Amino acid sequence: MDTQDQWIKICTHLPWINSHFFNLLGIWLGISAVKSTEPYDTKSLLIYWIVYAILGCFEYLACSLCNSLRIYWLVKFILLTWFYISGAAKTNKLIQLDGILKDLEEKQEVEKQEEEEEEEKEEENQNVEDVEKQQEEEEEEEKEVEEEEEEEQKSDDDEPTVELTLEQIIAQNGDSSTLDLQMRGLTNEDMKIIGNTLKNNKTVTKLNLVGNSFESEGIQYLADGLRNNTTLTTLEFGNTDFSDEAAKHLADVLKINTTLTTIGLFNNKIGVEGARHLADALKNNTTLKTIDLGMNQIGTEGAQNFSDTLKNNTGLTEFHIQCNEIGDNGAKYLIDALRNNKTLKVLGIFGNEITGEGLIHLADVLQENTILIELNIRANPIRVKGLQYLADALQYKTALMTLDLSSCNISDEGIQCLANGLRKNTTITNIDLGWNEFGDKGFHYLFEALRYNTALTTLILSSNKMGTEGLQSLADCLKDNTTLTTLQSYENGIDDNGLSYLVDALGKNKTLATFELSSSGISTDGAPHLAEILRNNATLTTLNCGSGGIGYEGVQHLADALRNNTTLTSINLGGNGLESKGVQYLADALRNNNTLMILEMRSNQIDAKGAQQLADALQSNTGLTTLDLNSNRIENKGAQYLADALRNNKTLTTLDIGENEIKGKGIQYLANALQSNTTLTKLNLYMNRISSKVAQDAIKMLKNNNNGLNVVITY
């Protein structure tokens, strides 16, 4: 067979070959596309089937022409084969390109992730560096403090504490009007020195000898000095084992002395004999105004001696004989003396086992007496009967203005009697009912009476049993009352929940100026209520929230309220766990508030950092006059911050930084700063570690300050 015949034979079979081959090829391509995850395979198959379908339609319509033109089938075979090969190649290129793009995207993603990890790592490194830097700064600061303490300790070791002699103490006292020698362990010889000093001294007006133990011989030396002294007005002998014989020496002086106005003999050993000597001396003495004989052993007989004196004495205005076991009879003697006495304004007979029987004549006496304005019956079991006598007295117009009935075991029934008297009373302005036993019913009687009373301005209710009903009665009373200006309610149910009852009432009250809630259990949760009271009330000037649990989170609410408050002048936040975090909030508020004058923050663990924050605020604050930072461990560093502030501050007059572990160097900072300060008048350095020579030199500089600075200190 020649070549032409073979070509004809092939062309004859081309339609069959085309039909089967390309159908099978389409099936294979379809299966491959189904299995493939690449979109290009699907697109290639669709294009293939479109071309194949177009050719199939052409063959159907021109079947005769296609069969006669054998070359058509060859051209179709070549065309489809070329399409498949070129399409596959293109697809492979696209797949490769897609792979390249995907690789590029993955690479970019990896690079992005690496960059993010690098940034996180850099941030972590930065945080670590910051922490390390902060730690280094803290360590450096601690190192500086340690070096300062070591330097000061070395100074203390090189220059041991100097024990001043009595003569040196007196000389160092200079021209001060107060000579403070309390708890010095003074001997008889020391008393001779003091007596000789008083003979010629023309400046000392107050001598404090509290806490020393004297023999009668020592008092004799002192009495000899007082015979010629013409300036001393106040003499304090409390807790000195003062005996009857010592009382005789003092009594002899009182018979001729014309300058002493106040004598304190509290907690001594004066009995009936000593009381008789003093009472006899006071029959003719007209200059002594106040004498305190509390906690001796005077008894009923001694009270009778003083009763006889008070009937004729024209000098005494205050007489205190508390805790002397005078009993009902002793009380009767003293109350009877008030019928004739024309000068006594204050009588203190608390803690003397007086029952209602001892007050039986009180109503009659108070009607006749027009001088007595204060009566202290505290800590006597007077019960309902005694309160009935008092209520009878209160219904009449008397001179009595202040009545202390705290710790008298007063029940709800007793308060009912007292409330009946207060309804009509027009003179009592101050009454203390703290530490008794009445509850909500008693509070209801009391607050109902205050709806009618128009005289009472100060009410003390500390530590009773106020519950929900009592709080509601108080709230209702405060809404209507227009005379009460001071309310003290320590430990009395006005805690976080109790405050919620008073927010609305104090928003409407227009007279209350002082609200004392110390030790009432107010915590962080109660702080928002206090803040709301400060925002809504326009009359409160004093707020005492000491000894609570407000904390640094709670004080933020108070600080926010203080920024815009223009009435509060005094706030006590002592013992509330504020720490330096809480101090920062208050310091920020002080930059805007120039109304607040007194800030008490003792025992809050503020340390040197808190002192620094307050010192920064003092640089610009022009309102604060008193700052109490007692017991806060501010140490030398804190004292330095405050000293820097005092160089510029022109308003602070009183600073209490006692018990803060301040040493000589800290006192030196203050002494140097106060050379140019002309406003601070009182500096309390009590109970700091200042016995070294460095400290004493600084204290001497402070006491020689020409700006009238009063330094309170112990060595």
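Whatever comes next refers back to the structure up there.
Just so it is clear, the structure is predicted and the values come from calculations on it, not from any experiment.

Chemist: Which parts of the structure should I look at to understand the overall build of the chain?
Modeler: Each helix and strand counted, the chain has 24 helices and 20 strands in total. Here the contacts in the chain between residues at least 6 apart in sequence split such that 85% fall between residues at least 24 apart.

Chemist: I would appreciate a short explanation of the nonpolar core in the present structure.
Modeler: Soluble globular proteins tend to bury their nonpolar side chains together. In terms of nonpolar packing, the biggest core is built from 172 residues, with Leu209, Phe319, Leu433 and Leu459 touching the most fellow members. When residues of this core are assigned to domains, at least three map to each of domain 1 (169–354) and domain 2 (624–714). If we skip the residues at most four places from it in the chain, Leu209 touches Leu181, Gln182, Leu186, Met191, Ile194, Phe214, Leu222, Leu235, Glu236, Phe237 and Thr240.

Chemist: Would you take a moment to explain the packing of helix α10 (residues 299–310) against helix α11 (residues 327–337) for this structure?
Modeler: Any two packed helices are characterised by the angle at which their axes cross and by the distance between the axes. Orientation of α10 relative to α11, taken along the N-to-C sense of each, is 5 degrees, at an axis distance of 8 Å. Of the possible angle classes, the one that applies to α10 and α11 is roughly parallel. Counted together, Thr300, Ala303, Gln304, Ser307 and Leu310 of α10 and Asn329, Gly330, Tyr333, Leu334 and Ala337 of α11 form the full contact between these two elements. Counted by class, the contact of α10 with α11 contains five nonpolar, five polar and no charged residues.

Chemist: It is not clear to me how the packing of aromatic side chains should be interpreted in this structure. Could you clarify?
Modeler: Think of a pair of aromatic rings as described by two things: how far the centres are apart, and how the planes are tilted against each other in angle. Counted according to the given criterion, the structure contains five aromatic pairs. Aromatic pair Phe306 and Phe319: ring centres 5.1 Å apart, planes at 50 degrees, arrangement tilted. Of the two residues, Phe306 sits in helix α10 while Phe319 sits in strand β6 (residues 318–320), which places them 13 residues apart along the sequence. Seen in terms of ring centroids, Phe443 and Phe447 are 5.7 Å apart; in terms of plane orientation they differ by 15 degrees. Their pairing is stacked. Of this pair, Phe443 and Phe447 both sit in helix α15 (residues 440–449), four residues apart, roughly one helical turn. Of the two residues, Phe443 and Phe447, neither departs from the other in class, the shared state being buried. Linked through ring pairs, Phe214, Phe237 and Phe242 together constitute an aromatic cluster. Positioned above the aromatic ring of Phe350 is the side chain of Arg378, whose terminal nitrogen or guanidinium carbon lies 4.1 Å from the ring centre.

Chemist: So what exactly am I meant to see when it comes to empty space enclosed by the protein here?
Modeler: Within the structure shown, the criterion is met by three cavities of 30 Å³ or more. Each pocket or cavity is described by its volume, and for the second largest cavity that value is around 50 Å³. What lines the second largest cavity is simply Leu562, Leu586, Ala589, Leu590, Asn593, Leu596 and Leu599. The biggest single contributor to the lining of the second largest cavity is helix α20 (residues 579–590), with three residues. Considered class by class, the residues forming the lining of the second largest cavity number six nonpolar, one polar and no charged.

Chemist: Please clarify how the layout of surface pockets should be interpreted in this entry.
Modeler: Empty space within the largest pocket amounts to approximately 1000 Å³. Forming the walls of the largest pocket are 31 residues, and the residues nearest its centre are Asn173, Asp180, Lys703, Val711 and Ile713. No other element matches helix α24 (residues 693–703), which puts five residues into the lining of the largest pocket. Counting residues domain by domain, the lining of the largest pocket receives three or more from each of domain 1 (169–354) and domain 2 (624–714).

Chemist: I tried to follow unusual backbone geometry on my own but got confused; where do I start?
Modeler: Trans is the prevailing form of peptide bonds, just as negative phi is the prevailing case for residues other than glycine. Backbone geometry at Ser603 places phi at a positive 55 degrees, although glycine is not the residue there. Position of Ser603 relative to the elements: it lies in the loop between β16 (598–600) and α21 (607–618). Positive phi, normally seen in glycine, also occurs at Gln605, with a value near 55 degrees. Residue placement: Gln605 occurs in the loop between β16 and α21. Residue class for Gln605 comes out exposed when judged on its relative accessible area of 55%.

Chemist: For this particular structure, what's the right way to read a nonpolar patch on the surface?
Modeler: A grouping of Met183, Tyr686 and Met687 is seen on the molecular surface, where their side chains present a nonpolar patch of about 320 Å² in accessible area. Here Met183 is to be found in the loop between β1 (178–180) and α6 (188–200).

Chemist: What is the right way to look at the pattern of salt bridges in this model?
Modeler: Between side chains of opposite charge, a pair can form as their charged atoms come close. Enumeration over the complete set of coordinates arrives at 23 salt bridges. When the shortest N-O distance is used, the salt bridge between Asp644 and Arg647 registers 3.9 Å. In this structure, Lys693 engages Asp697 in a salt bridge whose closest nitrogen and oxygen atoms are separated by 3.0 Å. With Lys693 and Asp697 both in helix α24 and four residues apart, the pair spans about one turn of that helix. In this structure Lys693 comes out as partly exposed when scored by relative accessible area, which is 36%. When salt bridges with common partners are traced through the structure, they connect Glu273, Arg276, Asp280 and Lys283 into a single cluster.

Parameters at a glance
- Residues numbered from 1 in each chain as written.
- Predicted model: local features only at pLDDT ≥ 70, side-chain atom pairs only at ≥ 80, totals over all residues.
- Heavy atoms only, no water.
- Helix = DSSP H or I, 4+ residues; strand = E, 2+ residues; numbered from the N terminus.
- Contact = heavy atoms within 4.5 Å.
- Core = buried A, V, L, I, M, F, W, Y, C linked by side-chain atoms within 4.5 Å.
- Buried < 20%, exposed > 50% of the residue type's maximum accessible area, 1.4 Å probe, protein only.
- Domains from an automatic or database assignment.
- Axes fitted to C-alpha atoms, helices over the stretch in contact; angles between N-to-C directions.
- Parallel < 35°, antiparallel > 145°, perpendicular 65-115°, else oblique.
- Nonpolar A, V, L, I, M, F, W, Y, C, P; charged D, E, K, R; others polar.
- Phe/Tyr/Trp six-rings, centres within 6.5 Å; stacked < 30°, edge-to-face > 60°.
- Lys NZ or Arg CZ within 6 Å of the ring centre and 35° of its normal.
- 1 Å grid on protein atoms, 1.4 Å probe; cavity = no way out; pocket = protein on both sides within 12 Å on 5 of 7 lines; lining within 4 Å.
- Points joined across faces, edges and corners; volume = space filled by probe spheres on them.
- Patch = residues over 30% accessible without salt bridge, like charges linked within 9 Å, V, L, I, M, F, W, Y side chains within 5 Å.
- Areas by Shrake-Rupley, 256 points an atom, 1.4 Å probe, with all protein chains shown as cover.
- Salt bridge = Lys/Arg side-chain N within 4 Å of Asp/Glu carboxyl O.

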